[in-house]
Structure formats: structure tokens, C-alpha cells
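# Notes for the structure review
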Amino acid sequence: MLKFLSLSSGSSGNCYYLESGGEAILVDLGMGIRRFKKYFADYGLSFSRLKAIFVTHDHADHVQSVGRLAETCNLPVYALEDTHMGISRNRFVGKKIPAALKRFVKADEPVTLGQFTLTPFAVPHDSAANCGYLIEAGGVTLCLATDIGHATADIKAGISRARYVVVEANYDDTMLEMGPYPVYLKNRIRGERGHLDNRETAEMLCEALSEDAKRVWLCHLSEENNRPEVARQTVEDRLKAAFGSERRLPVVEPLARLRPTGPFELE
């Protein structure tokens, strides 16, 4: 069994907690440390179970408190080499990761740590580097991919191997077009190294989801350019149109931006 808990998902901070067999890891820690510790206490989680932090990329909403928690709890931090370099240069990250706690991962090379095996895969985004993770623990597979500029074969391959999927559905294209953002920012979001909109996410899932997929969580929704129900409905409608009664469809659920969602016990 694998426990999954989203502590926060969005531009104000991203952090995901996974636990199996009495051991736990974090993927990203982009919220303030006090808010993180409050959520940890609220859910009765134990710092002693944490074995490591795995990082997707170096933007502050994913790494703001990684260095502080790593140093406090003596936790190794796993990331692509370019991601570690990007964190070191990021002026919005006050506490850097101690050199002794840095661990380097490479795309497509699995890392086994206690109960967990994580396989990183490349994800296009306008960061120093970005990766998603295929996570295997307790007989369960979960794929996590966020801040996706465009769908790629690597991302689809990760999704196709997973029973559970956490994937970005950042914006609704109509809302973005009609919204207040300046043109340069709209173009950046829509760009090949920006983010996925709801329809692009839906199409990618139609192409990649395994028939065994049980649940899809939509992550990193924009506060200004998306709504949870809009994202969910867009993805659900596209999956129904693609598969109809041919197969059982996974449950689709958006993750909350500023509060935890879950926990979920995955089998």
C-alpha cells in the first residue's frame, strides 16, 4: 500500500507526501516552512519517517523550504544536477541545500531508497532542468509530472506505467486569453517550455493512460486562469468521448492549491 497526500499544489507552493511500509518521502517543498510544519502536525505525520526529498525543478514554488528542512532533519535531496545548480542560484531560496546532502539523479535511471524506487524522466519547462517521477512502492505505481511545457513521449511513457497519476492541468486557454496577464506572460505560459492547459492534459491522458489506471489528480492549477471544476470537467468529458463504455474510466480530482488534499490509501 502507498499513502499519498498533497500538502499544497499551485504557484503558492507545491509539496507531496508519500508513505509506504513506515517510510516516507517528499516530492518538492515549495511552501513556507511554518505552513509545512503545521500541516505535518495537523495530519499526525512523523518527521522520523522521512527518508529524503525528491525535487522536480528549481523554481521557488517547488523548492522554497527544501534546504531548511534538509538541514534540520539531515535529509538527502535528490534532483537532476542542473536542478541542484539552479537551486544554488535561486535568489528566492534563502537556505541552500548543504553540499553533503545533495544527491544527483539522471533521467531514466531508477533510484531505490528503502521502500521506494523512483525513476526520473525529462519534462520540458523554463527552469534549469525539470523531471517527473515514476514512483513504485508497496506494489503501487504512481506517476507525478508537473510544470509541463508540452506533452512528450517520455511523459506519456511514465503515465502509461502508472496506476495512479498526478499531472499538471495549469490553465484554461479561454480564461487565459480573456484574463489580465500581459501578452508576454500569456505567451510564456502557452509556450513549449511553459505549462499545459486543461485540453492538452486531457489529450495526453487519452493517449497515455493505462487501462489499469484508477485515479488521476490534476495538479498546479492556476488561481487566475483556471477553476477546479472546469479542469475536472474538461478532462472527464474528453476521456468519456475517447473511451465511452469501452473501459472503466479513472476518477479525476483536482488538488487544492492552498490546503492539503487527502490522504489517499492506494492499492
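See above for the structure.
Keep in mind it's a predicted model, so treat the numbers as computed, not measured. (Residues numbered from 1 in each chain as written. Predicted model: local features only at pLDDT ≥ 70, side-chain atom pairs only at ≥ 80, totals over all residues. Heavy atoms only, no water.)

A separate point is the sheet that holds strand β1 (residues 2–8). Strands sit in the order β6-β5-β4-β3-β2-β1-β14 across an open sheet of 7 strands; the sheet is mixed. Each edge of the open sheet is held by one strand with a lone partner, namely β6 (102–105) and β14 (261–266). Going across the sheet, the axis of each strand differs from the next one's by a mean of 20°, ignoring polarity. Both β1 and strand β2 (residues 15–20) contribute to a ladder of 5 bridges, which runs antiparallel. Across the sheet, residue F4 finds its bridge partner in β2, namely L18. Each of β1, β2, β3 (23–29) and β4 (50–54) is contacted by helix α1 (residues 33–42), which is oriented at about 140° to β1, the strand it contacts most. With respect to the sheet, helix α4 (residues 81–89) is in contact with β5 (77–80) and β6, its orientation differing from that of β5 by roughly 110°. (Pairing = 2+ DSSP bridges. Helix = DSSP H or I, 4+ residues; strand = E, 2+ residues; numbered from the N terminus. Axes fitted to C-alpha atoms, helices over the stretch in contact; angles between N-to-C directions. Contact = heavy atoms within 4.5 Å.)

Now for the sheet that holds strand β7 (residues 111–113). Across the sheet, which stays open at both edges, the 7 strands sit in the order β7-β8-β9-β10-β11-β12-β13 with mixed pairing between neighbours. The open sheet has two free edges, formed respectively by β7 and β13 (251–254), since each of these has just one partner strand. Between one strand and the next, the sheet's axes are offset by a mean angle of 20°, whatever the strand orientation. With 5 bridges joining them, strand β9 (residues 131–137) and strand β10 (residues 140–145) adopt antiparallel strand pairing. For Y133, the partnering residue across the bridge sits in β10 and is L144. Relative to the sheet, helix α5 (residues 153–160) contacts β8 (116–122), β9, β10 and β11 (164–168), its axis offset from that of β8 by approximately 155°.

Following the criterion strictly, the structure yields 11 aromatic pairs and no others. On the basis of an interplanar angle of 45° and a centroid distance of 4.9 Å, the ring pair of F4 and W217 is categorised as tilted. Highlighted residues: F4 in strand β1 and W217 in strand β12 (residues 215–219), separated in sequence by 213 residues. Pair check on accessibility: F4 and W217 agree, each one buried. Ring centres of F54 and Y78 lie 4.6 Å apart, and the angle between their planes is 15°; this geometry places the pair in the stacked category. Note that F54 is positioned in strand β4 and Y78 in strand β5, a separation of 24 residues in sequence. Considered together, F54 and Y78 belong to a single accessibility category, that of buried residues. A connected cluster of aromatic rings, assembled from ring pairs, spans F4, Y16, Y164, W217 and F264. Positioned over the ring face of F243 is R247, at 4.0 Å from the centre of the ring. (Phe/Tyr/Trp six-rings, centres within 6.5 Å; stacked < 30°, edge-to-face > 60°. Buried < 20%, exposed > 50% of the residue type's maximum accessible area, 1.4 Å probe, protein only. Lys NZ or Arg CZ within 6 Å of the ring centre and 35° of its normal.)

This part takes up the pairing of β3. Summarising burial for β3: 6 of the 7 residues are buried, a large majority. Sheet topology places β2 next to β3; 6 bridges connect them, and they run antiparallel. Bridging from a neighbouring strand, L18 pairs with I25 of β3. Hairpin geometry of β2 and β3 is characterised by an intervening segment of 2 residues between the two adjacent antiparallel strands and by a positive phi of about 55° at G21. As defined by bridge partners, β3 adjoins β4 across 4 bridges and the pair is classed as parallel.

Orientation of α5 relative to helix α8 (residues 198–208), taken along the N-to-C sense of each, is 60°, at an axis distance of 9 Å. Here α8 runs oblique to α5, going by the angle between their axes. Viewed along their axes, α5 and α8 form a crossing whose handedness is right-handed. Of the residues in α8, those touching α5 at I155, K156, I159 and S160 are M204, L205, E207 and A208. Within the contact of α5 with α8, the residues separate by chemical class into 5 nonpolar, 1 polar and 2 charged. (Parallel < 35°, antiparallel > 145°, perpendicular 65-115°, else oblique. Left-handed = near helix turned anticlockwise from the far one by under 90°. Nonpolar A, V, L, I, M, F, W, Y, C, P; charged D, E, K, R; others polar.)

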